[in-house]
Amino acid sequence: EDQVTQSPEALRLQEGESSSLNCSYTVSGLRGLFWYRQDPGKGPEFLFTLYSAGEEKEKERLKATLTKKESFLHITAPKPEDSATYLCAVTYGGSQGNLIFGKGTKLSVKP
Amino acid sequence: DTGVSQDPRHKITKRGQNVTFRCDPISEHNRLYWYRQTLGQGPEFLTYFQNEAQLEKSRLLSDRFSAERPKGSFSTLEIQRTEQGDSAMYLCASSLSGRGILGGTKNIQYFGAGTRLSVL
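Conventions and cut-offs
Residues numbered from 1 in each chain as written. Chains lettered and ligands numbered in written order. Predicted model: local features only at pLDDT ≥ 70, side-chain atom pairs only at ≥ 80, totals over all residues. Heavy atoms only, no water. Helix = DSSP H or I, 4+ residues; strand = E, 2+ residues; numbered from the N terminus. Rg over C-alpha atoms; globule rule 2.2 N^0.38 Å. Buried < 20%, exposed > 50% of the residue type's maximum accessible area, 1.4 Å probe, protein only. Core = buried A, V, L, I, M, F, W, Y, C linked by side-chain atoms within 4.5 Å. Contact = heavy atoms within 4.5 Å. Polar contact = N/O pair within 3.5 Å; in protein donor to acceptor, adjacent residues only side chain to side chain. Salt bridge = Lys/Arg side-chain N within 4 Å of Asp/Glu carboxyl O. Pairing = 2+ DSSP bridges. Axes fitted to C-alpha atoms, helices over the stretch in contact; angles between N-to-C directions. Disulfide = S-S within 2.5 Å.

(A) Region of the structure containing the overall build of chain A. Looking only at helices and strands, one finds 0 helices and 11 strands in chain A. Along chain A, helices and strands appear, N-terminal first, in the series β-β-β-β-β-β-β-β-β-β-β. For chain A, whose C-alpha radius of gyration is 13 Å, the value lies close to the compact-globule estimate of 13 Å for 111 residues. For chain A, the proportion of its 111 residues judged to be buried stands at 49%.

Rendered as structure tokens:
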């Protein structure tokens, strides 16, 4: 059973078309939820970390929110350079600090 | 460059050969993690070190895999008798653990660019 599920698997947007990516988790005792961006052939790049329900973080066109069972990554007026795979990961009481990742959402933004 | 450094970036080997990867973490980071990522999947945890102590190993880490972190600095991951199923991207990450450090970085893991292994 997947502990972290991301949807959709792939998302195609036109430049300027805002949307949201979802990350749902089933672990107990969440310690932190992390969003990373990964470009092809590269390692994940840290974007945000959220620790408690109701918390929000923003960076440029990205905004991450957290509830008790899921997180959303909102992308406002995306640009082609936002195209990447966005990974969600959690740490929880039983994970000893290592990250449990979802499979990611591959975002393509067309000009 | 003060980020996580991995070497080599690419490795092609024949089945049955041994390979070793190196990871240099961000200086002063006391935790170092190894993950494996296959196409279309998120990274999967393999093992981690706090300073020089290896504190946890995943069941994914078979007896053919061994990792070390001498002196709590760089780390190496060795795969013996490689199999085609070992083909993947091997990622290293480092973090600074503890409470109230640097205004709440709280174990944020920073990743290297990875080593892509192809076993023929």
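(B) Inspection of the nonpolar core at higher detail. Judged by nonpolar contacts, the single largest core of 25 residues is most densely connected at A:Leu33, A:Trp35, A:Leu73 and A:Tyr86. Elements supplying a minimum of two residues to this core: β2 (10–14), β3 (19–25), β4 (30–38), β5 (45–50), β7 (62–66), β8 (70–75), β9 (84–92) and β11 (105–110) of chain A. The contacts of A:Tyr86, once residues within four sequence positions are left out, are A:Gln6, A:Leu21, A:Trp35, A:Tyr36, A:Arg37, A:Leu47, A:Leu62, A:Leu73, A:Gly104, A:Thr105 and A:Leu107. In this structure, B:Val4, B:Phe65, B:Ala67 and B:Val119 belong to the second largest nonpolar core, which totals 19 residues.

(C) Representation of the environment of B:Arg9. Mapped onto the fold, B:Arg9 is located in the loop between β1 (5–7) and β2 (10–13). With a relative accessible area of 36%, B:Arg9 lands in the partly exposed category. Each C-alpha atom of the pair B:Arg9 and B:Tyr90 lies 9.5 Å from the other, and the pair is 81 residues apart in sequence. In this structure, B:Arg9 is in contact with A:Gly41, B:Ala113, B:Gly114, B:Thr115 and B:Arg116, ignoring residues within four places of it in sequence. Among the polar contacts made by the side chain of B:Arg9, one reaches the main-chain carbonyl oxygen of A:Gly41 at a distance of 3.2 Å. Among the polar contacts made by the side chain of B:Arg9, one reaches the main-chain carbonyl oxygen of B:Gly114 at a distance of 3.2 Å.

(D) Highlighting the pattern of salt bridges. All names here are of chain B. Under the counting rule described, the total for this entry stands at 7 salt bridges over all chains. For arginine 22, the salt bridge is made with aspartate 24, and the minimal N-O distance between the two is 2.7 Å. Overall, arginine 22 belongs to the partly exposed group, its relative accessible area being 33%. Within this structure, Arg64, Glu83 and Asp86 form a network of salt bridges that share partners.

(E) Up close: the sheet that holds β3(A). Residue and element names in this part refer to chain A. Here we have 5 strands laid out as an open sheet, ordered β1-β3-β8-β7-β6, and antiparallel in their pairing. The sheet is open, and its two edges are formed by β1 (4–7) and β6 (56–59), each paired on a single side. Across the sheet, the axes of successive neighbouring strands diverge by a mean angle of 15°, strand direction being ignored.

(F) Highlighting the state of the cysteines. Enumeration according to the criterion identifies 2 disulfides over all chains in this entry. Note on cysteine connectivity: A:Cys23 is disulfide-linked to A:Cys88, with sulfurs 1.9 Å apart. One disulfide, between A:Cys23 and A:Cys88, carries an S-S torsion of -65° and so falls in the left-handed class. Placement of the pair is A:Cys23 in strand β3 and A:Cys88 in strand β9, with a sequence separation of 65 residues. The residues A:Cys23 and A:Cys88 share a single accessibility class, namely buried. The side chain of B:Cys23 participates in a disulfide bridge whose partner is B:Cys92; the two sulfur atoms lie 1.9 Å from each other. When the S-S torsion is -70°, as for the bridge of B:Cys23 with B:Cys92, the disulfide is left-handed. In this pair, B:Cys23 sits in strand β3 (residues 19–24) while B:Cys92 sits in strand β9 (residues 88–95), placing the two residues 69 residues apart along the sequence. In terms of burial, B:Cys23 and B:Cys92 fall into one category: buried.

(G) The environment of A:Ala53, seen in detail. Residues and elements named next belong to chain A. Relative to the elements of secondary structure, alanine 53 occurs in the loop between β5 and β6. Residue alanine 53 is classed as partly exposed on the basis of its relative accessible area, which comes to 48%. For alanine 53 and leucine 99, which are 46 residues apart along the polypeptide, the C-alpha to C-alpha distance reads 19 Å. Discounting chain neighbours no more than four positions away, the residues touching alanine 53 are Leu66, Thr67 and Lys68.

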